[in-house]
Amino acid sequence: VQNPDVIVHAADDEPLSLDPAQAEPGEGGESVILQVYERLVEFTPEGPELEPGLATEVPSEDNGMISEDGLTYTFPIRGDVTFHDGSPLTADDVKYSWDRVLEMELPEANAGLLADIITETNVVDEATFEVTLNQPNAAFLNSVVTQSVASVVSEEVVEANGGVTAGEPNEFMQTNPVGTGPYRFTAWNRGENMVFEVNEDYWGEPASLDLRFEIVPDPDVRVLGLRAGDYDSIETDPSFVGDVEGADGV
């Protein structure tokens, strides 16, 4: 192992934005968002089952958090979570995050995922968030709530740095992610790498190693780096499987 104290991932391109309200689905920014920000529910590491994220329970009809008509979902919000700047997470941040996506409605993002099915968001109390759909949607939890566009941002951070303007990106949020996730974003060296450190105040099980994304556009270089142990993981496509399959240490 060449880098025993850090996970090194070779990405195939540089993100255009690190803002959940702007990052394009499948684009490099999503990989960063998934490390720094969190969502109300998440997929388990094994998948595809769901587990609680920033919500303490996954809504279901059995626990009464999905209404009988299938339109209203209630999420109890964790009370022991802080953003990377030290501010506490509340249900207001969740509502603000989703409403922000709907108000900005940036064409490159995935705002339609929320806009097409949500009719109303509400803060029941400081620890309870509620959302109402326009019609029952069996895929809502798996295909909407788990997506990067539904990540929770800090209302305090956004309002202190440009706020929300319909149809316009927030320049601060494009490059300064402040989430609740297991990693803090610490540096973006353009054209070279992106650096993360373990969030020691993380509410869940903390990460054990720091993280670095290397920007490596050449697929051959990524494959050679994986084989040499310079990278712990790479982004590639099926045509390169034969180059790494069975390789020592891969």
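Residues numbered from 1 in each chain as written. Predicted model: local features only at pLDDT ≥ 70, side-chain atom pairs only at ≥ 80, totals over all residues. Heavy atoms only, no water.

### Digging into the overall build of the protein
Of the regular secondary structure elements, the protein holds eight helices and ten strands. On C-alpha atoms alone, the protein measures out to a radius of gyration of 19 Å, which is about the 18 Å that the 2.2 N^0.38 rule sets for 250 residues. In terms of overall dimensions, the protein has a C-alpha envelope of 55 × 40 × 35 Å along the principal axes. Of all 250 residues assigned to the protein, the portion counted as buried reaches 46%. Intrachain contacts of the protein at a sequence separation of at least 6 include 58% that bridge at least 24 residues. Accessible surface, the protein: about 11900 Å² in total, of which carbon and sulfur atoms supply 45%. (Helix = DSSP H or I, 4+ residues; strand = E, 2+ residues; numbered from the N terminus. Rg over C-alpha atoms; globule rule 2.2 N^0.38 Å. Buried < 20%, exposed > 50% of the residue type's maximum accessible area, 1.4 Å probe, protein only. Contact = heavy atoms within 4.5 Å. Areas by Shrake-Rupley, 256 points an atom, 1.4 Å probe, with all protein chains shown as cover.)

### Section: helix α7 (residues 219-228)
Within the sequence span of α7, burial applies to Arg 222, Val 223, Gly 225 and Leu 226. Angular distribution of buried residues about the axis of α7 spans 165°; they occupy a single face of the element. Packed against the buried residues of α7 are β1 (6-11), β10 (233-234) and α8 (241-244). The opening residue of α7 is Asp 218, an N-cap whose side-chain oxygen sits 2.8 Å from the backbone nitrogen of Asp 220. Positive backbone phi, at 85°, marks Gly 229, one or two positions downstream of α7. (Arc of directions from axis to C-beta. Polar contact = N/O pair within 3.5 Å; in protein donor to acceptor, adjacent residues only side chain to side chain.)

### Section: the sheet that holds strand β9 (residues 210-215)
Strand order in the open sheet formed by five strands is β7-β8-β9-β1-β10, with mixed pairing between adjacent strands. Looking at the sheet topology across the chains shown, the edges are occupied by β7 (183-189) and β10. With six bridges connecting them, β1 and β9 associate as parallel partners. Residue pairing across strands places Ala 11 opposite Ile 215, the latter belonging to β9. (Pairing = 2+ DSSP bridges.)

These results come straight from atomic positions and should not be treated as a statement about function.
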